Amino acid sequence: MGIKINTNKFTKHQMIKGDTKKTVLSDSIDEYFIGVYTAYKFVIRFFKEVFVPPFHFRAVVTQSYEIGIKSLALISVTGFIIGIVFTKQSRPSLEDFGAASWLPNLVGIAIIRALGPVLTALICAGKVGSSIGAELSSMKVTEQIEAMEVSAINPFKYPGSYTGSCGHHHDSLAGNVLHFYRTNRFLYQRSRRRNDQLHHFF
Amino acid sequence: MEKPKLKTTNNKGETVIAIKGLHKSFGKLEVLKGIDLTVGRGENVAVLGKSGSGKSVLIKIIVGLLKPDRGTLNVLEKEVEQLNGKELDELRLRIGFSFQGSALYDSMSVFQNLAFPLIMNVKHLPKKEVEAAVEEALEAVGLKDKAERMPAELSGGQRKRIGIARALILKPEIMLYDEPTAGLDPITSAEINELINEVQEKYNTSSIIITHDLTCAKNTCNRIVMLVEGKFLPSGKFEEIFKTDNQQVKDFFNYNFIQ
Ligand SMILES: Nc1ncnc2c1ncn2[C@@H]1O[C@H](COP(=O)(O)OP(=O)(O)O)[C@@H](O)[C@H]1O
Ligand SMILES: [Mg+2]
């Protein structure tokens, strides 16, 4: 047969595991702490996996595209509107001091340096985060995450195609950075142009 | 429906799965209460049991997706619980798992679904070989023309078959089918049964087939075990099980073949 089966030789590890089944405080409190512990373990594992090879660079690029560039329209519109409001509201005051020619710089710097990153981050967190969450949970429910594990693919590492798995957080980071620069440049040019136009217009 | 005589119980002595005294509970719910099971090479074993009896939990424990509370679990001569991540991955590559709900990656086409485990596990595989492997697997399940479809565009039975093809693509030694015919019409079920038999003959795999479908069990399996209240009833050939006095087993049969 070649296979020996140890019937009643439980390892220490298994004994301990059996013991943890006992309630410590009360069932619901125990459950809460176990939940916290599980979440903590998950986060730790995530950060471990991010910095450990193999890295899937192509996936990172795809995800950066999906997350970054596909949010561009939304972020641009937001930036555009903020630019208009800013310009319209500050111009009268600036004009009183004869400083209307500083307006483009003011708006440009305020939006690009100060608001751009915040906006991008918030929109990424809101729009992209929730879509990643939705996709991940649907993958979990339909056992796609388990399917990855079973075919020896680490779901922390590889994000499916759109918003694959937990590995996504690291992609969204990349997307964020990429997007950040893109949006910034884009917004900068935009606001420059827009402000010049507005300037002439008023 | 006559089943072709299964001839592949060669190298009979070799055991590929050996489970002894397996316990598993979720919180207060005891699901498995001491499971013993051995599966030989080239053997098909059907696991019957009513919904919620822990059949899926059992095979998830076999591939290490869930951890047992107690008991020993030996798969392909490896103690599953003692394996580290890498060894577990190596073991999993030798096991094919067909999920209850197919579990196709719904953001990928059928082709990508099949190619994905290959590309991720075999380094620097030429594109031609991937295509050939995918084609072979699709051919085995008779869905060669569906390669460019998305999973959402397939019927339930087709999805099941693609799921089986995906499990087959790494040429596993053990196949675990989780309710391969559940929710399918009799004709498609018969096709899937045939597919399971073909797979066993072609690749000499050992299989555990979870099912409520007695026709499926009868036509594909050498042996049947029944999971009742967390334990297996004595296993046996289809006819032996049929003769039992156990009320649960009787109910099971009565429903399937209206007497
Ligand atoms: N991950 C889990 N957490 C908690 N309970 C679970 C989990 N998986 C399964 N169960 C419970 O275990 C029991 C058996 O489930 P399962 O093996 O899926 O049944 P089936 O025999 O129909 O496949 C069910 O009562 C289910 O609620
Ligand atoms: Mg099940």
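Residues numbered from 1 in each chain as written. Chains lettered and ligands numbered in written order. Predicted model: local features only at pLDDT ≥ 70, side-chain atom pairs only at ≥ 80, totals over all residues.

Description of the overall build of chain A
- Across its full length, chain A carries seven helices and zero strands.
- The secondary structure elements of chain A, listed N-terminal to C-terminal, are α-α-α-α-α-α-α.
- The buried share of chain A, taken over its 202 residues, is 27%.
- Expressed as a percentage of contacts within chain A between residues at least 6 apart in sequence, the contacts between residues at least 24 apart total 76%. (Helix = DSSP H or I, 4+ residues; strand = E, 2+ residues; numbered from the N terminus. Buried ≥ 20, exposed ≤ 12 C-beta atoms within 10 Å, placed from the backbone. Contact = placed C-beta atoms within 7 Å.)

What about unusual backbone geometry?
All names here are of chain B.
- Positioned with a positive phi, E77 is a non-glycine residue whose angle comes to about 65°.
- As for its placement among the helices and strands, E77 is situated in the loop between β4 (70–75) and β5 (78–79).
- The exposure class of E77 is exposed, given the 12 C-beta atoms found within 10 Å.
- At E179, a position not held by glycine, the phi torsion is positive, near 45°.
- Here E179 shows up in the loop between β7 (174–178) and α6 (186–203).
- Residue classification places E179 among the buried residues on the basis of 21 C-beta atoms within 10 Å.

Quick look at the domain arrangement of chain B
All names here are of chain B.
- Taken domain by domain, chain B consists of domain 1 (14–94 + 172–259) and domain 2 (102–171).
- A straight line from the C-alpha centre of domain 1 to that of domain 2 covers 24 Å.
- Contact with domain 1, which involves eleven residues of that partner, is made by eleven residues of domain 2.
- Top contributing element to the side of domain 1 that touches domain 2 by residue count: α6, with five residues.
- Considering only residue class, the side of domain 1 that touches domain 2 consists of nine nonpolar, two polar and no charged. (Domains from an automatic or database assignment. Nonpolar A, V, L, I, M, F, W, Y, C, P; charged D, E, K, R; others polar.)

Quick notes on the nonpolar core
Residues and elements named next belong to chain B.
- Grouped together as the largest cluster of nonpolar side chains are 75 residues, with contacts concentrated most on I17, V47, I62, A165 and L176.
- In this structure, this core is formed jointly by two domains, domain 1 (14–94 + 172–259) and domain 2 (102–171), each of which donates at least three residues.
- In this structure A165 touches L114, A137, L138, A140 and V141, once residues within four positions along its chain are discounted. (Core = buried A, V, L, I, M, F, W, Y, C linked by C-beta atoms within 7 Å.)

A few points about the pairing of strand β1 (residues 15–26) of chain B
Residue and element names in this part refer to chain B.
- With nine bridges joining them, β1 and strand β2 (residues 29–40) adopt antiparallel strand pairing. In the sheet register, I19 faces β2, and the bridge partner there is L37.
- Connecting β1 to the next strand, β2, in antiparallel fashion are two residues, including G27 with a positive phi near 60°. (Pairing = 2+ DSSP bridges.)

Considerations on helix α4 (residues 72–96) of chain A
- Here α4(A) contains 25 residues, and its C-alpha end-to-end distance of 36 Å stays within 8% of the 36 Å for a straight helix at 1.5 Å per residue.
- Among all positions in α4(A), only I75(A), G79(A), G83(A) and T87(A) are buried. (Expected span 1.5 Å × (residues − 1).)

So, the site of ligand 1
All names here are of chain B.
- By nearness alone, every residue bordering ligand 1 is listed as F26, V31, G49, S51, G52, S53, G54, K55, S56 and V57.
- Top element by residues in the shell around ligand 1 is helix α1 (residues 55–62). It accounts for three residues.
- Looking at the shell around ligand 1, its residues break down into three nonpolar, six polar and one charged. (Near = placed C-beta within 6 Å.)

Brief notes about the sheet that holds β5(B)
All names here are of chain B.
- One open sheet holds the four strands; their spatial order is β2-β1-β4-β5, and the pairing between them is antiparallel. Each end of this open sheet is capped by a strand with a single partner; those strands are β2 and β5.
- Pairing of β1 with β4, which is carried by five bridges, proceeds in the antiparallel orientation. Paired with I19 across the bridge in β4 is L73.

Describing the confidence of the model for chain A
Residues and elements named next belong to chain A.
- Mean pLDDT for chain A: 70, with 67% of residues reaching 70 or above.
- Here residues 160–187 is a poorly scored stretch, pLDDT under 50, and it has 79 contacts once near neighbours within four places are set aside; other chains count.
- Across residues 198–202 the pLDDT falls below 50, and counting only partners more than four positions away or on other chains, this stretch makes four contacts in the model. (pLDDT = per-residue confidence, 0-100.)

Points about the sheet that holds strand β3 (residues 44–48) of chain B
Residue and element names in this part refer to chain B.
- Taken in spatial order, the six strands of this open sheet run β6-β7-β8-β3-β9-β10, and their pairing is mixed. Only two strands of the sheet have a single neighbouring strand rather than two, namely β6 (95–98) and β10 (231–236). Along the sheet, successive strands turn relative to each other by an average axial angle of 15°, direction set aside.
- One ladder, built from four bridges, connects β3 with strand β8 (residues 206–210); its direction is parallel. (Axes fitted to C-alpha atoms, helices over the stretch in contact; angles between N-to-C directions.)

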